[in-house]
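Structural overview for review
Spelled out, the chains give:
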Amino acid sequence: MKDKKVMIVAGESSGDLHGSNLLKSAAKDYPHLKFFGVGGERMRATGCEIIFPSDDLSVMGLVEVFGQLPRLFARFRQLKQLMQGKQRPDLLVLIDFPDFNLRLAKVAKNLGVPVLYYISPKVWAWRKGRAKIIAERVDRIALIFPFEPEIYRPFGLQADYVGNPLLDEFVANEPEGTLRSQLNVSARDKIVGIFPGSRQSEIKYIFPTLLETARKLAELKPQVKFLLPVAPSLSFEYFDREIAASGLPVTVVNENIYEVAAACDAVLTVSGTVTLQIALAGTPMVILYKVSPLSYEIGRRLINVDHVGLPNIVAGKTVVRELLQNDATPERLCRETIRILDDAAYRQDLLDGLSLVQKKMGEPGCSERVARIVAELVAQRGK
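Structural notes, computed from the coordinates. Bear in mind the structure is a predicted one, so any value in this text is a computation, not a measurement.

1. So, the sheet that holds strand β10 (residues 250–253)
The six strands are arranged β10-β9-β8-β11-β12-β13 in an open sheet whose pairing can be described as parallel. The two strands at the open ends of the sheet, each matched to only one other strand, are β10 and β13 (321–324). Between one strand and the next, the sheet's axes are offset by a mean angle of 20 degrees, whatever the strand orientation. Alignment of strand β11 (residues 266–270) against strand β12 (residues 285–289), held across four bridges, turns out to be parallel. The residue bridging V267 from the neighbouring strand is M285, located in β12.

Listed below in structure tokens is the structure:
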């Protein structure tokens, strides 16, 4: 079969992860599909031709975006020109990142390029009117939460629930439980994970709080050790340097995220995809999140959800503690972490809640299902 070109745009580290798993499945089952576009090192490693890295698009916070608009517009024009020129794709695959990707979908629609949206914007949380916009600009949508198809049904958009892509990743990277021995840490020792996120813009607001929390924990529990995994989108050297300057007993690693989570007794983590990865590993956690004060005030008025942590959203109830903005103080984070470590009954409640999250996430095979949809849309265009 003649090669078909698929443009794929993943604007963040989580999108790079899901995109890489999709690419692996497509390479196995549909080798005639050739991918190019925006992603990170994981997508590059799976054979995608990266036009520019997803880091160029990654910005956290409503206010912070304004300072990056010239760069974002330049990258948008670059992709638009590609779609209009010789590299015009047979299909555009968009992964989350709605503010950028929905504009790109409109361009594709005007050019007659079919669009698959993989991982819906969280229209159930805020800006519900985007569901109608998505239906107007997208040919098909692949959804990762079982309650999402009903949102799009009134608009006539073909919406497929494909399961959660993290299950595929977990199956492929199930922890072996060897990291503790590699680090010469006994089973009796307590390890607390510090998971600072994958965006440069997150570090500014969140990392100092995590370091101060670790300092307080180290004072109260001198025997506790700390692990900090570095996302592929961030600089290992930066964290190594900052930790060395702090004098704290933190080991910086770039191991498999599931291996790191499994080695920990508790995790301090930013909100985001990583919280579901930790949940799959079955490690109790406390979720924190901070942005600029103005971004938080704007977001607080726009977002209409009971929870921001994905494990709690999946479970439909509070499973793990969320500490946001002014509530995310080192004192509160430290207190919650110590409770996870020392209160056996509380810890068991958390473990039971995480088991519920795992059950509700469903079965593996998401990436294969999405790859099949990609192949179907490309084949339909060729008819």
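So much for the structure itself; the text now carries on.
2. Brief notes about the environment of D168
Mapped onto the elements, D168 comes out in helix α8 (residues 165–172). Sequence-wise, D168 and N21 are 147 residues apart; in three dimensions their C-alpha atoms are separated by 7.8 Å. Ignoring any residue separated from it by four or fewer positions in sequence, one finds D168 in contact with P364, G365, C366, S367 and E368.

3. Examining the nonpolar core
One finds F35, V93, Y118, F226, L228, V370 and V374 to be the most contacted residues of the largest nonpolar core, which totals 98 residues. For V370, the residues in contact, after removing those within four places along its chain, are L22, L116, Y118, A142 and V162. Formed by 32 residues, the second largest nonpolar core is a distinct cluster that contains V9, F76, V107 and V138.

4. Brief notes about the side chain of E259
The topology assignment puts E259 in helix α12 (residues 257–263). Within the buried core, E259 has no salt-bridge partner, and the shortest N-O distance to an opposite charge, that of R180, equals 9.4 Å. Polar side-chain contacts of E259 include one of 2.6 Å to the backbone nitrogen of G177. E259 has contacts with P175, E176, G177, T178 and L179, leaving out every residue within four places of it along the chain.

5. What to know about the sheet that holds strand β6 (residues 140–143)
If you trace the seven strands from one edge of the open sheet to the other, you get β3-β2-β1-β4-β5-β6-β7, paired in parallel fashion. Both outer strands of the open sheet, β3 (49–53) and β7 (158–161), are each paired with one neighbouring strand and no more. Taken over all neighbouring pairs, the strand axes of this sheet differ in orientation by 20 degrees on average, direction set aside. With four bridges connecting them, strand β2 (residues 33–39) and β3 associate as parallel partners. When the bridges of β3 are listed, G37 appears paired with I50. Sitting on the sheet, helix α4 (residues 69–84) is in contact with β1 (4–10), β2, β3 and β4 (91–95), with an inclination near 155 degrees to β3.

6. Examining the packing of aromatic side chains
Per the counting criterion, the structure on display carries seven aromatic pairs. An angle of 10 degrees between the planes, with centres 5.7 Å apart, marks the rings of F145 and F147 as stacked. Among the residues examined, F145 registers a relative accessible area of 7% and is labelled buried. By relative accessible area, F147 is classed as partly exposed at 38%. Taking 5.1 Å as the distance between ring centres and 70 degrees as the angle between the ring planes, the aromatic pair formed by F170 and Y258 counts as edge-to-face. Of this pair, F170 sits in helix α8 while Y258 sits in helix α12, and the two are 88 residues apart along the sequence. Note on accessibility: F170 and Y258 belong to one class, buried. Here the aromatic cluster, defined as three or more aromatic residues joined through ring pairs, consists of F76, F97 and F100.

Rules used in this analysis
Residues numbered from 1 in each chain as written. Predicted model: local features only at pLDDT ≥ 70, side-chain atom pairs only at ≥ 80, totals over all residues. Heavy atoms only, no water. Pairing = 2+ DSSP bridges. Helix = DSSP H or I, 4+ residues; strand = E, 2+ residues; numbered from the N terminus. Axes fitted to C-alpha atoms, helices over the stretch in contact; angles between N-to-C directions. Contact = heavy atoms within 4.5 Å. Core = buried A, V, L, I, M, F, W, Y, C linked by side-chain atoms within 4.5 Å. Buried < 20%, exposed > 50% of the residue type's maximum accessible area, 1.4 Å probe, protein only. Lys, Arg positive; Asp, Glu negative; His and termini not counted. Salt bridge = Lys/Arg side-chain N within 4 Å of Asp/Glu carboxyl O. Polar contact = N/O pair within 3.5 Å; in protein donor to acceptor, adjacent residues only side chain to side chain. Phe/Tyr/Trp six-rings, centres within 6.5 Å; stacked < 30°, edge-to-face > 60°.

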